[in-house]
Amino acid sequence: MVRAGLTAERLVAAAADLADEAGFENVTLSALARHFGVKDASLYSHVRNLQDLRTRLAFFAGAEMVDRIAAAVAGRAGKDALAAFAGAYRAYALERPGRYAATQIRIDQALVAASPVLARTAEITYGMLRAYGLEEPDLTDAVRLLRSTFHGYCALEASGGFGAPRDVRRSWDRAVDALHVLLENWPREGADHG
């Protein structure tokens with residue numbers, strides 16, 4: 001490839017493609033340098049190091065994913081919004097496995113706080129959950145439940161971890177139905193559980 005026009009944005013886009021093709025763990029500066037036909041050192045004028053590249057990739061993939069989710073949930077509420085959110089999440093995780101893996105890395109909290117991508121993700125997610133009448137701290141607990149359920153299911157599905165003959169998509173739909181029932185009947189913190 002030609003060196004002219006090499007930018008941080010082009011590096012991140014190439015890293016995203018490489019993540020999907022070879023796995024997120026195989027995204028390295030050396031692999032990208034080979035892709036662009038340059039020496040590793042020439043990449044350091046565009047990214048600080050591998051961690052910087054992977055963080056940029058996480059934000060890039062996160063923006064793609066939240067765009068899909070936002071489009072899916074637009075104009076919907078309650079169970080309809082939850083199902084659309086879940087479907088967009090699952091589709092992205094399965095169609096873009098390397099990019100999805102990038103969205104799961106731990107990022108420096110100062111960068112998280114300043115990220116418009118993560119702010120938009122929180123806005124869409126919390127907005128969907130507010131239709132269930134949830135407020136803090138229940139909102140945060142519900143977000144954590146959804147994320148861990150969706151992530152766990154997608155990780156198991158992607159690795160072939162579901163061996164039973166039942167259709168995986170049907171089980172996914174039932175899990176989303178169960179989450180809807182749970183969200184409608186969420187045990188509010190501080191409520192008397194007598």
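Quick caveat: nothing in here was measured; it's all calculated off a predicted structure.

**A closer look at the packing of helix 1 (residues 8-22) against helix 3 (residues 50-73)**
Here helix 1 crosses helix 3 at 80°, and the two axes come no closer than 9 Å. Taken together, the axis directions place helix 1 and helix 3 in an arrangement best described as roughly perpendicular. Where helix 1 approaches helix 3, its residues Ala 8, Leu 11, Val 12, Ala 13, Ala 15, Ala 16 and Ala 19 are matched on the opposing element by Leu 53, Arg 56, Leu 57 and Phe 60. Of the residues belonging to the contact of helix 1 with helix 3, the class tally is 10 nonpolar, no polar and 1 charged.

**With respect to the pattern of salt bridges**
Taken as a whole and assessed by the stated rule, the structure comprises 13 salt bridges. The shortest N-O distance in the salt bridge between Arg 96 and Asp 20 comes to 3.3 Å. Of this pair, Arg 96 sits in the loop between helix 4 (78-95) and helix 5 (97-102) while Asp 20 sits in helix 1, placing them 76 residues apart in sequence. The partly exposed category is assigned to Arg 96, whose relative accessible area is 30%. Residue classification places Asp 20 among the buried residues on the basis of a relative accessible area of 19%. One salt bridge in this structure joins Arg 56 and Asp 52, with 3.2 Å as the shortest N-O distance. One end of the pair is Arg 56 and the other is Asp 52, both in helix 3 and 4 residues apart, which spans about a single turn.

**Considering the packing of aromatic side chains**
This structure, assessed with the given rule, holds 6 aromatic pairs. Pairing Tyr 89 with Tyr 100 gives two aromatic rings, centres 5.6 Å apart and planes at 75°, and the pair type is edge-to-face. With Tyr 89 in helix 4 and Tyr 100 in helix 5, the pair connects residues that are 11 residues apart, well separated along the chain. The same class applies to Tyr 89 and to Tyr 100, which are both buried.

**Here we look at helix 8 (residues 138-158)**
Taking 1.5 Å per residue, 21 residues should reach 30 Å; helix 8 reaches 30 Å between its end C-alpha atoms and fits that length. Within the sequence span of helix 8, burial applies to Asp 138, Leu 139, Ala 142, Val 143, Leu 146, Phe 150, Tyr 153 and Cys 154. The buried residues of helix 8 all sit within an arc of 140° when viewed along its axis, so they share a single face. On its buried face, helix 8 sits against helix 4, helix 7 (116-130) and helix 9 (168-184). Note on helix 8: the residue one or two positions beyond its end, Gly 160, has a positive phi of about 75°.

**Some remarks on the environment of Tyr 100**
Under the relative-accessibility criterion, Tyr 100 is labelled buried at 6%. Distance from Tyr 100 to Ala 58, taken between C-alpha atoms, is 8.2 Å for residues 42 residues apart in sequence. In contact with Tyr 100, other than residues within four places in its own chain, are Met 65, Tyr 89, Tyr 92, Ala 93 and His 151.

**Focus: the nonpolar core**
Ranked by internal contacts, the top residues of the largest apolar core, which has 34 residues, are Leu 82, Leu 129, Phe 150 and Leu 183. For this core, the secondary structure elements donating two or more residues are helix 3, helix 4, helix 7, helix 8 and helix 9. For this core, the element with the most residues is helix 4, which contributes 9 residues. When sequence neighbours within four positions are dropped, the list of residues in contact with Phe 150 reads Leu 82, Phe 85, Ala 86, Tyr 89, Trp 172 and Leu 179. By size, the runner-up hydrophobic cluster in this structure holds 21 residues, among which are Val 12, Val 27, Ala 33 and Leu 53.

Quick notes on the rules
- Residues numbered from 1 in each chain as written.
- Predicted model: local features only at pLDDT ≥ 70, side-chain atom pairs only at ≥ 80, totals over all residues.
- Heavy atoms only, no water.
- Axes fitted to C-alpha atoms, helices over the stretch in contact; angles between N-to-C directions.
- Helix = DSSP H or I, 4+ residues; strand = E, 2+ residues; numbered from the N terminus.
- Parallel < 35°, antiparallel > 145°, perpendicular 65-115°, else oblique.
- Contact = heavy atoms within 4.5 Å.
- Nonpolar A, V, L, I, M, F, W, Y, C, P; charged D, E, K, R; others polar.
- Salt bridge = Lys/Arg side-chain N within 4 Å of Asp/Glu carboxyl O.
- Buried < 20%, exposed > 50% of the residue type's maximum accessible area, 1.4 Å probe, protein only.
- Phe/Tyr/Trp six-rings, centres within 6.5 Å; stacked < 30°, edge-to-face > 60°.
- Expected span 1.5 Å × (residues − 1).
- Arc of directions from axis to C-beta.
- Core = buried A, V, L, I, M, F, W, Y, C linked by side-chain atoms within 4.5 Å.

These values are about where atoms sit, not about what they do.
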